[in-house]
Amino acid sequence: MTTNLRPEEVLDLDVLKRLTVIRGRLRNETPLRVGIGREGRLGSTSDITVIRTKSLWGEEVPYIPGSSLKGVFRSFVEQLARSGGLQVHDPWDFEAMEREERGGFCVVCALFGSTRVASHVRIYDAFPPEGKVPTIVYKTGVGIDRDFLGAKPNILYTEEFVEPGNEWEFRMDVINVPFPDGEDPRTRYLKELLDSLKTMGLQVGARKSVGMGLVKLVGGTYEVYAVEGGSVSKVSEGTI
Ligand SMILES: [Zn+2]
């Protein structure tokens, strides 16, 4: 089954017609770590640290990169599409992406982009609300000896996690895709994605198999702007 979008429906980012701004807060319900690999920060007492950057108010804070959120959203929409009987290629299947330029774009590429089409969504880095530095918890793990595949109790390491209950400012822009209503197949997937983020949550970052990194959208809102004849006007708004 295929419901590919025609190239002319998707290769439309040279003109801004419609912009939907989605805002809210993400709350992590379980410990969260979006990391920078298996190496501690300089001067850190922990071996596996959360990613941090300088906040607007100058302090170093953990944050959730927009690219991490986008990856999670994309694979969730892939799963939704597959469960609906659509054939979805892997994100690294460059041949499939090339074919789409002629045969029409799959709903996933038409929303999140590919090597052949720019993304119709823009997801911003999610920072803690101003002045609220998330609390960090440390867990000590036991290293695995790779040669003998057994636990070696004398190899210990510490991992940082952001404590559950912290919040992150969320913003996502959707360009030239109808929202919240419309015949475009992307609209339905976008709504499903946001509803799922609100009700069941989605997992971001490390240790997903043990339930970590579960984030939920709270207080979600949308504002839709139409661009016509060189001017911008708000056409609708609501809550998610
Ligand atoms: Zn595709």
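Residues numbered from 1 in each chain as written. Predicted model: local features only at pLDDT ≥ 70, side-chain atom pairs only at ≥ 80, totals over all residues. Heavy atoms only, no water.

What's the story with the side chain of T20 in this structure? I'm lost.
Along the chain, T20 falls in strand β1 (residues 18–28). A relative accessible area of 0% means that T20 is categorised as buried. Other than its neighbours up to four places away in sequence, T20 contacts M172, D173, V174, V177, F179, Y222, E223 and V224. (Helix = DSSP H or I, 4+ residues; strand = E, 2+ residues; numbered from the N terminus. Buried < 20%, exposed > 50% of the residue type's maximum accessible area, 1.4 Å probe, protein only. Contact = heavy atoms within 4.5 Å.)

Would you mind going over the coordination of the zinc ion with me for this structure?
Geometry sets the ideal angles at a metal, namely 109.5 degrees for four tetrahedral donors and 90 or 180 degrees for six octahedral donors. Taken together, the protein ligands of the zinc ion are H89 (NE2), E100 (OE), E100 (OE), C106 (SG) and C109 (SG), with distances of 2.0 to 2.7 Å. The motif formed by the donor residues of the zinc ion, counted along the single chain, is H-x10-E-x5-C-x2-C. A residue pair is termed long-range when its members are at least 10 positions apart, and H89 in the loop between α2 (66–83) and α3 (94–103) and E100 in helix α3 qualify at eleven residues. According to the relative accessible area criterion, H89 is buried, its value standing at 12%. (Donors = N, O, S within 2.8 Å, 3.2 Å for Na, K, Ca; no water.)

Where do I start with the pattern of salt bridges in this structure?
Where charged atoms from two side chains of opposite charge come close, those side chains can pair. Using the criterion set out here, one finds 18 salt bridges in the structure. R6 is paired through a salt bridge with E8; the nearest N and O atoms lie 2.9 Å apart. In this structure R6 comes out as partly exposed when scored by relative accessible area, which is 47%. Salt-bridge contacts for R25 lead to E169; the nearest nitrogen and oxygen are separated by 3.6 Å. With R25 in strand β1 and E169 in strand β7 (residues 167–175), the pair connects residues that are 144 residues apart, well separated along the chain. Since its relative accessible area comes to 29%, R25 is described here as partly exposed. (Salt bridge = Lys/Arg side-chain N within 4 Å of Asp/Glu carboxyl O.)

Honestly, the layout of surface pockets in this entry has me stumped. Any pointers?
A water-sized probe, rolled over the atoms, reveals where empty space remains. Its boundaries defined by the atoms lining it, the second largest pocket holds a volume of some 220 Å³. If you tally residues by element for the lining of the second largest pocket, the top one is β7, at three residues. Classifying every residue of the lining of the second largest pocket by side-chain character gives eight nonpolar, one polar and five charged. (1 Å grid on protein atoms, 1.4 Å probe; cavity = no way out; pocket = protein on both sides within 12 Å on 5 of 7 lines; lining within 4 Å. Points joined across faces, edges and corners; volume = space filled by probe spheres on them. Nonpolar A, V, L, I, M, F, W, Y, C, P; charged D, E, K, R; others polar.)

For this particular structure, what's the right way to read the packing of aromatic side chains?
Centre-to-centre distance and the angle between the planes together describe a pair of aromatic rings. Tallied over the full model, the rule gives three aromatic pairs. Measuring from ring centre to ring centre gives 5.3 Å for Y63 and F127, while their planes differ by 15 degrees; the resulting arrangement is stacked. Pair noted here: Y63 is in the loop between β3 (60–62) and α2 and F127 is in the loop between β4 (121–123) and β5 (136–145), with a separation of 64 residues, a long-range link. Judged by its relative accessible area of 14%, Y63 falls in the buried class. (Phe/Tyr/Trp six-rings, centres within 6.5 Å; stacked < 30°, edge-to-face > 60°.)

Could you clarify how one ought to interpret the environment of V117 in this entry?
Note on placement: V117 falls in the loop between α4 (107–112) and β4. Judged by relative accessible area, which is 5%, V117 ranks as buried. The spatial distance from the C-alpha of V117 to the C-alpha of P7 is 9.1 Å, given a sequence separation of 110 residues. Sequence-distant contacts of V117, defined by excluding residues within four places in its chain, comprise V10, L11, F105 and C109.

Would you take a moment to explain the pairing of β1 for this structure?
Looking down a regular strand, the side chains alternate between one sheet face and the other. Of the strand pairs in this sheet, β1 and strand β9 (residues 214–228) are connected by ten bridges, and their pairing is antiparallel. Along β9, the bridge assignment pairs T20 with V224. (Pairing = 2+ DSSP bridges.)

Which parts of the structure should I look at to understand empty space enclosed by the protein?
Inspection of every chain in the model, using the stated rule, returns one cavity of 30 Å³ or more. In this structure, the largest cavity occupies an estimated 40 Å³ of space. Lining the largest cavity are L32, R33, V34, V50, I51, P62, Y63, V162 and W168. Tallied by class, residues from the lining of the largest cavity come to eight nonpolar, no polar and one charged.

Sorry, what's going on with the nonpolar core here?
Generally speaking, nonpolar side chains in soluble globular proteins are found buried as a group. Core analysis: the biggest nonpolar cluster contains 51 residues, and L69, F73, F170 and M172 have the highest contact counts within it. At the level of secondary structure, the elements contributing two or more residues to this core comprise β1, α2, α4, β4, β7, α5 (185–199) and β9. Per element, the largest residue contribution to this core is seven residues, and it comes from α2. (Core = buried A, V, L, I, M, F, W, Y, C linked by side-chain atoms within 4.5 Å.)

Please explain the packing of α2 against α5 as it appears in this structure.
Any two packed helices are characterised by how steeply their axes cross, that is the angle between the axes, and by the distance between the axes. Interaxial distance between α2 and α5 falls to 10 Å at its minimum, and their mutual angle equals 115 degrees. Put simply, α2 runs roughly perpendicular to α5. Between α2 and α5 lies a crossing whose hand is right-handed. Facing F73, F76, V77, L80 and A81 of α2, the residues of α5 in contact are Y189, E192, L193, S196 and L197. (Axes fitted to C-alpha atoms, helices over the stretch in contact; angles between N-to-C directions. Parallel < 35°, antiparallel > 145°, perpendicular 65-115°, else oblique. Left-handed = near helix turned anticlockwise from the far one by under 90°.)

Taken by themselves, the reported measurements are silent on function.
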